[in-house]
Structures are given as structure tokens and as C-alpha cells.
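# Chains, contacts and geometry: an overview
Given next are the chains, with one letter for each unit.
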Amino acid sequence: MKKVFKGLLAGALVLPCAFAFVGCGDNNVHVDVSGNYSKVDATEAKTEIENYGISFEGSGLRYTSVSDVKVEVSSLGSFSTKATSNVWVVFDEQNNVTYKVEINMNGDGAAMGIADTKINLNMTAYMTNNTIYCEYNGQKLAHTLGSPVETEDELLENILNSISSNVEMTNFMPQFIQYLSDSGAEVKKAENGTTVKYQITTSEQAGMNVDMYLVVKDGNFAGFKTETVMTQSTQGMTMTMNATADMENYTGNITLPDLSSYTQI
């Protein structure tokens, strides 16, 4: 049970980040990346972003990832899933971090041609004071990242650290733009008043295309978005995927449930 629970927690934290480097319905983040874009030199874009000295408004970040995946196997049938994840990250005055993750996943199809298979997963997880709380399938479980650190704990901590490090985008974004430029990516820019948007399009690799957008308003971080399209075929199997991830500032709080109702494992 403990390993299964940790696996679900890892999935809860990985899924929002899978296509970003990021519940359902009205909770979703939608970053506006519309505009008239024109191609710019990646080095110049990198310098511009560095000169902004991008800062973050509010007490945290929110992001949403949505993925649609379909797998078709010759003579065996197909299976499709749609997953939506929402993540809230909030910092307090002492720089302590609280996370909230909501996941909704639905899938249906013919699994290996044996029988119709359906998946429905709804899960909400929190992390505060080094303890992760997860509710799924009517169960409420908690796990504290302890010492000595176990292998699964190291995985969870690494995931959480990667989320936190992605928040520090002031220096990360210019380097990333330059890296993509060196890798053959195309950089475009759109301006409207005090809002500047950068679009980064990677060259196709292994059937996958990725568009990334950085939105800056009044010199501050205003949004980040990725759009991923992938098609891969091999030995009678074809997989297609469409995924988006949106990130924006968050000025609210995270309201924790009654944590005493969770069973520690």
C-alpha cells in the first residue's frame, strides 16, 4: 500500500510538469498567447528578457496541464485518455511552500482487444510541512518525507525541487531561449502596449513539435504556456498526443482540509 500510495503521489506531481519543463473545469489556467508574431533573433530576445529583470507578482504560481492521448494497435483496438491537472504553489513570508494538486483522468477503449476498459481517476493532493496528503478512491492517506530518506522519498523530493526551481525563471528563461536557438528553434515576438509575448517553436524531433510562450507585462512575468503535438508509429501501433500546459501568477491562498482526517502511512 505504501509504495502504491507513493507512486500515485509521484504521478500527481509529475503529470503537471510533463509538458512544461505543469481538478478541472473553471479551475483551469488559460494564458492568452494571441498576437501578431514576427521572427526575432534569439540572442536579442535573450538580452531583452535579461534586461526586464523579470519578477513575480503575488504569493505563488498556478498551472494547468491538459493531455489527450490515443493509442491504436492493428487488429487489437484503441485506447484513449484525457487528463487534466491543476497545481497551486504558494509561498508564505518565511518562504515555506504549500502545494495543491488536482487530477482528473478519463479513458476508454478496447484494451488489447479483450474487453472494453474504462478509467476514471479523481485525486487531490496537498503538501505542507514536509508531509503529503492525498485523497483518492475514498481514501485519505498521508506520508511524511522522513529521515533517513527512502528511495521513494528522494524521488518525491526531487520532483518537488524541480517544481520549485522552475519557479525561478528569471535566469532560466534567457538560457532556455538560447539553448532552443542553438538547437534550431525559431523565436518570434508580439507586442501590444506594455505586454510582450515570445513564441519559441522547436524543430520536429521523433514526431513531436513543441511551441512555448513567455508573456511579460510591465516587465514582470505574466504567463507561460506550452503546446505539444506528437505522432509516433511503429510496428502496427500509432500514438497521437495533444497537450498544453499553462502557468500564471497566483495571489490567493491554499485552503487546507482537515489534515487530522488523513491516515499516516
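For the structure itself, look to the data block above.
This section reports on the structure supplied with the text.

The next point concerns the nonpolar core. Counting residues in each nonpolar core, the largest one holds 31 residues, and the members touching the most others are Met123, Tyr198, Leu214, Phe221, Phe224 and Met247. One finds Val90, Tyr133, Ile254 and Tyr262 within the second-largest nonpolar core, a separate group that totals 8 residues.

Within the fold, Thr202 resides in the loop between strand E9 (195-201) and strand E10 (208-217). For the pair formed by Thr202 and Glu186, sequence separation is 16 residues and the distance between their alpha carbons is 6.5 Å.

The sheet contact formed by strand E6 (residues 131-136) and strand E7 (residues 139-144) spans 6 bridges and is antiparallel. Within E7, the position partnered with Tyr136 by the bridge is Gln139. Remark: 2 residues form the turn of the hairpin made by E6 and E7, two consecutive strands paired antiparallel; Asn137 in that turn has positive phi of roughly 50°. In this sheet, strand E13 (residues 263-264) lies alongside E7 in parallel orientation, the contact comprising 2 bridges. Across the sheet, Leu141 pairs through a bridge with Thr263, a residue of E13.

The next subject is the packing of aromatic side chains. Tallied over the entire structure, the rule returns 2 aromatic pairs. Plain terms: the ring middles of Tyr37 and Tyr213 are 6.0 Å apart, the flat faces sit at 65° to each other, and that makes the pair edge-to-face. Placement of the pair is Tyr37 in the loop between helix H1 (2-14) and strand E1 (38-39) and Tyr213 in strand E10, with a sequence separation of 176 residues. Taking relative accessible area as the criterion, Tyr213 reaches 8% and is therefore assigned buried. An angle of 75° between the planes, with centres 5.4 Å apart, marks the rings of Tyr133 and Tyr262 as edge-to-face. Note that Tyr133 is positioned in strand E6 and Tyr262 in the loop between strand E12 (237-250) and E13, a separation of 129 residues in sequence. Pair check on accessibility: Tyr133 and Tyr262 agree, each one buried. It is Lys100 that lies over the ring of Trp88; its NZ or CZ is 4.9 Å from the centre. A cation over a ring is seen here: Lys140 above Tyr262, with NZ or CZ 5.6 Å from the ring centre.

Once that is clear, we can look at unusual backbone geometry. If you check the backbone angles, Asn129 has positive phi at about 50° while not being a glycine. Tracing the backbone through its elements, the reader meets Asn129 in the loop between strand E5 (115-128) and E6. In this structure Asn129 comes out as exposed when scored by relative accessible area, which is 71%.

What follows concerns the pairing of strand E11 (residues 220-234). Both E10 and E11 contribute to a ladder of 10 bridges, which runs antiparallel. Residue pairing across strands places Val210 opposite Thr228, the latter belonging to E11. What sits between the antiparallel neighbours E10 and E11 is a turn of 2 residues, in which Asp218 has the positive phi angle 55°. In terms of strand pairing, E11 meets E12 through 11 bridges, oriented antiparallel. The residue bridging Thr231 from the neighbouring strand is Thr240, located in E12.

The next subject is the environment of Thr131. In this structure, Thr131 sits in strand E6. Linking Thr131 and Thr144, residues 13 residues apart in sequence, is a C-alpha distance of 4.1 Å. Once residues within four sequence positions are removed from consideration, Thr131 is found in contact with Tyr126, Ala142, His143, Thr144 and Gln264.

Our next topic: helix H2 (residues 42-52). Listed in full, the buried residues belonging to H2 are Ala42, Ala45, Lys46 and Ile49. Projected down its long axis, H2 shows its buried positions confined to an angular sector of 100°, all on one face. Summarising the geometry of H2, the exposed residues directed more than 90 degrees from the buried face are Glu44 and Asn51. For H2, the side-chain oxygen to backbone nitrogen distance between the N-cap and Thr43 is 3.0 Å, and the N-cap itself is Asp41.

Reading guide: rules and limits
- Residues numbered from 1 in each chain as written.
- Predicted model: local features only at pLDDT ≥ 70, side-chain atom pairs only at ≥ 80, totals over all residues.
- Heavy atoms only, no water.
- Core = buried A, V, L, I, M, F, W, Y, C linked by side-chain atoms within 4.5 Å.
- Buried < 20%, exposed > 50% of the residue type's maximum accessible area, 1.4 Å probe, protein only.
- Helix = DSSP H or I, 4+ residues; strand = E, 2+ residues; numbered from the N terminus.
- Pairing = 2+ DSSP bridges.
- Phe/Tyr/Trp six-rings, centres within 6.5 Å; stacked < 30°, edge-to-face > 60°.
- Lys NZ or Arg CZ within 6 Å of the ring centre and 35° of its normal.
- Contact = heavy atoms within 4.5 Å.
- Arc of directions from axis to C-beta.
- Polar contact = N/O pair within 3.5 Å; in protein donor to acceptor, adjacent residues only side chain to side chain.

Keep in mind that these numbers describe shape and distance, not what the molecule does.
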